[in-house]
Amino acid sequence: MSTTVSRELLLHLLDTNSLTSWFQPIFSRQNGEIHGYEALARVRDGAAPHFDISKLFAKAQAEGIIASLDMQCRENAFCRAAELGFLQKNAYLFVNICPGTLIHPDHRGGVTDRLAEDCGIPKDRIVLE
């Protein structure tokens, strides 16, 4: 059974950084090798009852805090990819972003560049979707 995402649950997940990134490999059709990894936002085990992650994003959009959720997910993706050594694999990192974040009044230009630099991820290996 899927849980409803309340404002309180959403804020709790953001405040406690209870989100993480899982990575789905993307394979090359030409040679079957891993071409990159798509970052998928997920709730850390035990942090909350099971729910569809799209409900979390829908609730954040409805509550006007999509930019906070999107940026936390982006930061988690970059940091986790660096931790797992994706840089040594010369793979691309595919990261979904919410278009509304880019036009949100709280959006700070250059933050993705700074995240990439802080995590040591070459900007030419990042694909924003």
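Cut-offs and rules
Residues numbered from 1 in each chain as written. Predicted model: local features only at pLDDT ≥ 70, side-chain atom pairs only at ≥ 80, totals over all residues. Heavy atoms only, no water. Helix = DSSP H or I, 4+ residues; strand = E, 2+ residues; numbered from the N terminus. Axes fitted to C-alpha atoms, helices over the stretch in contact; angles between N-to-C directions. Parallel < 35°, antiparallel > 145°, perpendicular 65-115°, else oblique. Left-handed = near helix turned anticlockwise from the far one by under 90°. Contact = heavy atoms within 4.5 Å. Nonpolar A, V, L, I, M, F, W, Y, C, P; charged D, E, K, R; others polar. Salt bridge = Lys/Arg side-chain N within 4 Å of Asp/Glu carboxyl O. Buried < 20%, exposed > 50% of the residue type's maximum accessible area, 1.4 Å probe, protein only. Phe/Tyr/Trp six-rings, centres within 6.5 Å; stacked < 30°, edge-to-face > 60°. Lys NZ or Arg CZ within 6 Å of the ring centre and 35° of its normal.

Visitor: I'm lost on unusual backbone geometry in this one. Help?
Guide: A negative phi holds for most residues other than glycine; trans holds for most peptide bonds. Unlike most non-glycine residues, Asn17 shows phi in positive territory, near 45°. Position of Asn17 among the secondary structure elements: in the loop between helix 1 (7-15) and strand 1 (19-27).

Visitor: Hey, could you run me through the packing of helix 3 (residues 66-83) against helix 5 (residues 111-119) in this one?
Guide: Pairs of packed helices are described in terms of their axes, by the angle between the two and the distance that separates them. Running from amino to carboxyl end, helix 3 crosses helix 5 at an angle of 25°, the nearest separation of the two axes being 9 Å. Considered as vectors, helix 3 and helix 5 are oriented roughly parallel to each other. Two packed elements cross with a definite hand, and for helix 3 against helix 5 that hand is right-handed. The segment helix 3 lies against helix 5, with Met71, Arg74, Glu75, Phe78, Cys79 and Ala82 engaging Val111, Thr112, Leu115, Ala116 and Cys119. Among the residues forming the contact of helix 3 with helix 5, the class breakdown is eight nonpolar, one polar and two charged.

Visitor: Quick question: what am I supposed to make of the pattern of salt bridges here?
Guide: Working definition: two side chains of opposite charge can pair if their charged atoms are close together. Applying the stated criterion to the full structure yields five salt bridges. As a salt-bridge pair, Arg7 and Glu63 come within 2.7 Å of each other at their nearest N and O atoms. Residue Arg7 is found in helix 1, and its partner Glu63 is found in helix 2 (residues 53-63); the two are separated by 56 residues along the sequence. Across the pair Glu83 and Arg80 runs a salt bridge whose closest N-O atoms are separated by 2.7 Å. Placement of both Glu83 and Arg80 in helix 3 is noted, with a separation of three residues, approximately one turn of the helix. Owing to a relative accessible area of 57%, Glu83 belongs among the exposed residues under this scheme. The structure contains a network of salt bridges with shared partners spanning Arg7, Lys59 and Glu63.

Visitor: What is the right way to look at the packing of aromatic side chains in this model?
Guide: Aromatic rings considered in pairs are described by the distance between their centres and by the relative angle of their planes. Counted under the stated rule, the structure contains two aromatic pairs. Between Tyr37 and Phe86 the ring centres are 4.0 Å apart and the planes differ by 10°, which places this aromatic pair in the stacked class. Here Phe86 lies in the loop between helix 3 and strand 3 (92-95) and Tyr37 lies in strand 2 (residues 34-43), a separation of 49 residues in the sequence. The exposure class assigned to Tyr37 is buried, which follows from its relative accessible area of 9%. Overall, Phe86 belongs to the buried group, its relative accessible area being 9%. An aromatic cluster is defined as three or more aromatic residues linked by ring pairs; in this entry it consists of Phe23, Tyr37 and Phe86. Positioned above the aromatic ring of Tyr92 is the side chain of Arg125, whose terminal nitrogen or guanidinium carbon lies 3.8 Å from the ring centre.

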